[in-house]
Protein chains: 2
Amino acid sequence: MSKERPVRVALDAMGGDHGPEAVVEGAARLSIEERPVQVFLVGDPERIGTELAKHRYDPSWIQVVPAAGSVAMDAKPAAALDDNPDCSVLVAARLVADGEADALVSAGSTGATILASSRTFQRLPGIRRCALASVYPTEQRHGDRGDPFALMLDVGATLNATAEDLVGFAVMGSAYARIISDNQDPKVALLSNGTEPNKGTEAIVHAHELLSRMDTLHFAGNVEGLDIPRGTVDVIVTEGFLGNVVLKMLEGVSEVVVDLARDAYARKFLYRMGLTMLSQGLRQLRTMTDWKQYGGAPLLGFDKVVIKAHGRSNARAVRNAVKVAAKAVDRDLAGQIRAGMKR
Amino acid sequence: MSKERPVRVALDAMGGDHGPEAVVEGAARLSIEERPVQVFLVGDPERIGTELAKHRYDPSWIQVVPAAGSVAMDAKPAAALDDNPDCSVLVAARLVADGEADALVSAGSTGATILASSRTFQRLPGIRRCALASVYPTEQRHGDRGDPFALMLDVGATLNATAEDLVGFAVMGSAYARIISDNQDPKVALLSNGTEPNKGTEAIVHAHELLSRMDTLHFAGNVEGLDIPRGTVDVIVTEGFLGNVVLKMLEGVSEVVVDLARDAYARKFLYRMGLTMLSQGLRQLRTMTDWKQYGGAPLLGFDKVVIKAHGRSNARAVRNAVKVAAKAVDRDLAGQIRAGMKR
């Protein structure tokens, strides 16, 4: 990707629980930062205009592209896209496919974002199935920046994965961790029910064999459930069904921990003596538990960069997702994955 | 099961990380309690004798049954059982199959316990696959006693499960929760990647259909990963691969939480002001995290009661596992499962 031209991101302005409000504010903020990104705000021009008027922004970095409606968070993706070929996520995806933008970012329905991407982009050579990746908090730290997050994929794009699919996920996860988390040599592992190479489903056992023979990534073998919160490796590879359950469970665990902490805090008089420390602790905990707010989940496997921001994204999270998309374009994520797939 | 005769439990004395030490002590303790259980201590008579000599016990409730060796925790179960048909877990299982004892309890290798049971016992009508069930701590409380634990199965006996297998697991989990957790109407759910009936793998979608039509249990539909730590339902049904990952992950999460809490406690001076409260909190947390110590995992699906105590079991945990086995026999777990399978 040329360094001269700024990265251009097609941003689905209508997606997410907070609608255009959070998305437009995120774009506005980004436009007046030191290193802005060219953003296409795709959606209802009137609503986007109303939101834009509320914020300070640099119009040279923002362009509004009209679209007719959007996919509701609870709609069936296939039917919604069929019924409305000019909805915001499809118009945004076409901007990318046509080369007018470099990356797609949406905080809308995950299913619709995946389907719009499948219908509009090409899959990378050797990749049969795309994967949604997500960072999650771990005890151990990762990469040059010492991030307290590891990456897991697939977390819900494909229910079942073959051995070849898992190999593709491993290559894509490794490339993403290298590029986005500044981790030069990310350790990648398969999630299984034991660390021995013969443990797991047929697909996992076979993927283990295939990955052991590859030299384009650092394969660390199998990890178990225990290793997920510990963060023993940088990238955990699994099929989408299991990844989805695990990720939601992590969300649930952190919600429960916050609940318990809040409860204890409210009830126990003695705790109040440690007020300052505790509130700091709770803040830290909340930061951890809100981790999904702080970036976006890459949808990997296409020739274009796609970032799915969390539905609950606020302006800051949208801004972060766009920055991540720009970084992935700048550092040529697709090219890295292509190179990684060469055996 | 007749109330006149005390329940007789065949206890694999050689299994577990603490070997006969913890197992024999557990049996000794139980023999002098108010409501003892008849225990066959199966293993090396000399080592059992040495351990027995260290404790106060009532010999009328303990009988030593010789066996030749045991299955090492890291041995391949099939080969180990083939090589040694008179190892402690097989001798103990035969005592049960022959009607000399009513239930099998082992803290030894899980694989060996499952395989010994498969080779020695009959499966209940309609049950093709056995399931290992485990309790785990939840935010919400369960049953008449308000237990902070829910039940999950299968957690590792069968990798993949068909729809019919999942139905069997649901019936068995429901029966176990009713009998052991004093929960008159346990809510049973399938673990999936969404709550809608059409979410999940083919097996899960089909199992959902089948379970919806059954009136021998309280089917609550699908739950997601989020619901695991919350404890939205009393019994969560899943295939063994996923259940194993989830259970180990819960162990990992609690270990990490204890680590973090211990760290914070050691480092922060201000926390010391709340010393009493905090140490109480940590104790609670540790109790929660050691939950696997406090009972045993039932291996369900056979015509006999089988309880797998955790490998790390101490004397108290062994004693608890034997008590649970006796309760399952007393309340006719197998009969309850049989009744539940009738559609």
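Residues numbered from 1 in each chain as written. Chains lettered and ligands numbered in written order. Predicted model: local features only at pLDDT ≥ 70, side-chain atom pairs only at ≥ 80, totals over all residues. Heavy atoms only, no water.

Undergrad: Pulling in residues and values, what's your account of the relation of the copies chain B and chain A?
TA: Least-squares fitting of chain B to chain A yields an RMSD of 0.0 Å, with the transformation described by 0.0 Å of translation along the axis and a rotation of 180 degrees. Here the transformation between the copies is reduced to the relation of a two-fold axis. Comparing contact sets, 100% of the residues at the interface of chain B also lie at the interface in chain A, consistent with an isologous, same-surface contact. (Least-squares fit on C-alpha atoms with pLDDT ≥ 70 in both. Contact = heavy atoms within 4.5 Å.)

Undergrad: Explain helix α12 (residues 333-341) of chain B to me, using residue names and the numbers behind them.
TA: Buried within α12 of chain B are the following residues: Leu333, Ala334, Gly335, Ile337, Gly340 and Met341 of chain B. Looking at the buried residues of α12 of chain B, the elements they touch are α6 (163-180), β10 (297-300), β11 (305-308) and α11 (315-330) of chain B. (Buried < 20%, exposed > 50% of the residue type's maximum accessible area, 1.4 Å probe, protein only. Helix = DSSP H or I, 4+ residues; strand = E, 2+ residues; numbered from the N terminus.)

Undergrad: Any details on the pattern of salt bridges? Residues and values, ideally.
TA: Scanning the entire structure with this criterion turns up 33 salt bridges over all chains. One connected set of salt bridges, linked through shared partners, spans Arg145, Asp147, Asp182, Lys327 and Arg331 of chain A. (Salt bridge = Lys/Arg side-chain N within 4 Å of Asp/Glu carboxyl O.)

Undergrad: Let's hear about the pairing of strand β5 (residues 131-142) of chain A: which residues, and what values?
TA: Residue and element names in this part refer to chain A. Note: β5 against strand β10 (residues 297-300), two bridges, orientation antiparallel. Each residue of the ladder has a partner; that of leucine 132, found in β10, is leucine 299. In this sheet, strand β6 (residues 147-153) lies alongside β5 in antiparallel orientation, the contact comprising six bridges. Bridge pairing in β6 places tyrosine 136 opposite alanine 150. (Pairing = 2+ DSSP bridges.)

Undergrad: Please give an account of the sheet that holds strand β9 (residues 235-237) of chain A that cites residues and values.
TA: All names here are of chain A. Strand order in the open sheet formed by 11 strands is β3-β2-β1-β4-β11-β10-β5-β6-β9-β7-β8, and the pairing between neighbours is mixed. The open sheet has two edge strands, β3 (62-66) and β8 (218-223), and neither has a second partner. On average, each strand axis in the sheet is inclined to that of its neighbour by 30 degrees, with strand direction left out of account. Direction of pairing for β10 relative to strand β11 (residues 305-308): antiparallel, over a ladder of two bridges. What sits directly across from proline 298, in β11, is isoleucine 307. In the packing of helix α6 (residues 163-180) onto the sheet, contacts are made with β5, β6, β7 (187-191), β9, β10 and β11, and the angle to β9 comes to roughly 165 degrees. (Axes fitted to C-alpha atoms, helices over the stretch in contact; angles between N-to-C directions.)

Undergrad: Report on the packing of aromatic side chains, specifying residues and quantitative values.
TA: Residue and element names in this part refer to chain A. Overall, the coordinates contain two aromatic pairs over all chains when judged by the stated rule. Ring plane angle 65 degrees and centroid distance 6.1 Å describe the contact between phenylalanine 121 and phenylalanine 302, whose orientation is recorded as edge-to-face. Taken together, the positions of phenylalanine 121 in the loop between α5 (110-120) and β5 and phenylalanine 302 in the loop between β10 and β11 put the pair 181 residues apart, joining distant regions of the chain. Classification of phenylalanine 121 as buried rests on a relative accessible area of 6%. Accessibility expressed as a relative area gives 3% for phenylalanine 302, which makes it buried. (Phe/Tyr/Trp six-rings, centres within 6.5 Å; stacked < 30°, edge-to-face > 60°.)

Undergrad: Help me get a handle on the domain arrangement of chain A, residues and values and all.
TA: Residue and element names in this part refer to chain A. Under the domain assignment, chain A is made up of domain 1 (8-127 + 301-341) and domain 2 (133-291). Contact residues are listed per partner, giving 16 residues for domain 1 and 14 residues for domain 2. Across the domain 1/domain 2 interface, buried area totals approximately 1,200 Å², and carbon plus sulfur atoms make up 68% of it. If you look at where domain 1 meets domain 2, you find three salt bridges. (Domains from an automatic or database assignment. Buried area = accessible area lost by both parts, 1.4 Å probe.)

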